[in-house]
Amino acid sequence: MAKYILALDQGTTSSRAILFDETGQPVVIEQQEFEQIFPRPGWVEHDPRDIWRSQRDVARAVLDRQGVSASDVAAIGITNQRETTLIWDRATGEPVYNAIVWQCRRTAAMCDALRAEGFDQTIRERTGLVTDAYFSGTKVAWLLDNVPGVRARAEAGELAFGTVDSWLMWNLSGGALHLTDVTNASRTMLYNIYTGDWDDTILARLDIPRSLLPQVRPSSEVYGEAVSHLFGAAIPLAGIAGDQQAATFGQACLSPGMAKNTYGTGSFVVMNTGEQAKRSDAGLLTTIAWQLDDSPVIYALEGSIFVTGAAVQWLRDGLKIIDDAADIEPLAASVESADGVYFVPAFVGLGAPHWDAYARGTLVGLTRGTTGAHIARATLDAIALQSRDVLEAMRHDSGIALSALRVDGGAARNNMLMQIQADVLGVPVQRPAVTETTALGAAYLAGLAVGFWRDTDALADQWTIERTFEPRMSDTERDALIAGWQRAIERAKAWEQA
């Protein structure tokens, strides 16, 4: 009997692989960072070969470290940075251009034009998304219009578009599979989440040939096999979900109203709304949470915050006031508060619920007494306050008052940040025993498909709390902090000239 599920977690700054056992515990983890490419201000790219090479290498490394053969692995599940856009040659597998990363703002003007003509309403009504450069649709259009020869080759059926999951699936299967799952499709701005198909009206407006697109499948089913030369024998490919949907599944947010926040490069708040797609009035996204094989699609509300963990990286790499990301906690704890300093880390604009592509990073409230410790504290405040903005919008849209927030991702290990989060929300923050919930969600989806786990009840039983952070801040203090934050946000908006 196979003893493990292999989860491939392809993120924005690194590729990771984790082996999980039947209790849902990570047994061994490997991670490899890869280059971030910034050709112009606001542009972000990855080399697709770096994505594949790093993901393949860490997958092999976890098997080697554990002394595991392919026959010990029941299935492979994939979770991935979403919206990042690739086009490659169907015959050779060669990319036509670098991957355009979800953070990239190069198509902001294209989105402005779509909004000016009112087409954003069509997009909203069909995809559940706002019209923003964040999503894949305008990135595909840009590649077709700006890379020489790509449109003609696409229209001749020679090229394949995919998000990162599709790129990995293509390479894992030796080019046999060109597919995505409903969660990743729902983030392209090209997929009708109500009809369950690519939307011809949107494709026509963006001039994207349907032949370029992958087949859309459920998040949990056996799609095919990883070719034997990669790991020594074929392994079933059986689960796919975009990183935030995978984290929601890994957090066992299986009932409507349950919500989680993942703290990574950005932060992503997702609330399960069940089989009902809730349309948002407050700047949130209506999206697909997952689909298990033949079961109905499960929907979610999501708020995407572009820069949270990346702000800590900036303190390390840009300002150089910390040597390691973990150093932010003791530095921020060395002062009682940010002393009136607010940091809005809108390096690539603001996401939900503001959606301002022209906002830029702003530090306000500085005095001669301001130190690196105050800026560190303001950075932690900003991560928590941005998340609060999204959760307030969710409460407005869903009519559900949050009773607790489940958290995961790298920064969830920061106790001070989690306490600030509980304080600004006024509800408990629950950190699970297994914080690798994004990869765990991918493992669960793959494991369910091959019978490694019995059903979702078995998964819910495995979820346990490592620590709960109870709110300690007074209402007066909370209200003052939030009021200052809202003033700071207004200073950051519309800074860049359109």
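Residues numbered from 1 in each chain as written. Predicted model: local features only at pLDDT ≥ 70, side-chain atom pairs only at ≥ 80, totals over all residues. Heavy atoms only, no water.

On the secondary structure map, Ser267 appears in strand E16 (residues 267–274). According to the relative accessible area criterion, Ser267 is buried, its value standing at 0%. Sequence-distant contacts of Ser267, that is, excluding residues within four places in its chain, are made with Asn261, Thr262, Gly303, Ser304, Ile305, Thr308, Ile383 and Ser387. Reaching out from Ser267, the side chain makes a polar contact with the side chain of Thr308 at a distance of 2.9 Å. (Helix = DSSP H or I, 4+ residues; strand = E, 2+ residues; numbered from the N terminus. Buried < 20%, exposed > 50% of the residue type's maximum accessible area, 1.4 Å probe, protein only. Contact = heavy atoms within 4.5 Å. Polar contact = N/O pair within 3.5 Å; in protein donor to acceptor, adjacent residues only side chain to side chain.)

With that settled, the discussion passes to the side chain of Glu83. Looking at the secondary structure, you find Glu83 in the loop between strand E5 (73–80) and strand E6 (86–89). For Glu83, a relative accessible area of 2% corresponds to the buried category.

Take helix H6 (residues 164–172) next. By the criterion of burial, H6 is predominantly enclosed, with nine of the nine residues buried. Gly174, located one to two residues past H6, shows a positive phi value of around 65°.

A few words on the sheet that holds E5. The strand order E3-E2-E1-E5-E14-E13 describes an open sheet built from six strands, whose pairing is mixed. The outermost strands of the open sheet, each flanked by one partner alone, are strand E3 (26–33) and strand E13 (220–226). Mean inter-strand twist for the sheet, computed between neighbouring axes without regard to direction, equals 25°. Pairing geometry for strand E1 (residues 4–10) and strand E2 (residues 14–20), over six bridges, is antiparallel. When the sheet's bridge partners are listed, Gln10 is paired in E2 with Ser15. In the packing of helix H15 (residues 437–449) onto the sheet, contacts are made with E1, E2, E5, E13 and strand E14 (235–242), and the angle to E5 comes to roughly 135°. (Pairing = 2+ DSSP bridges. Axes fitted to C-alpha atoms, helices over the stretch in contact; angles between N-to-C directions.)

Take the sheet that holds strand E23 (residues 465–469) next. Here seven strands make up an open sheet; going across it, the order is E17-E18-E16-E15-E21-E22-E23 and the pairing mixed. Since the sheet does not close on itself, it has two edges, and those belong to strand E17 (285–290) and E23, each with one partner. Pairs of neighbouring strands in the sheet enclose a mean axial angle of 30°, with direction left out of account. In terms of strand pairing, strand E15 (residues 259–263) meets strand E21 (residues 405–408) through three bridges, oriented parallel. Bridge assignment links Thr262 to a residue of E21, and that residue is Asp408.

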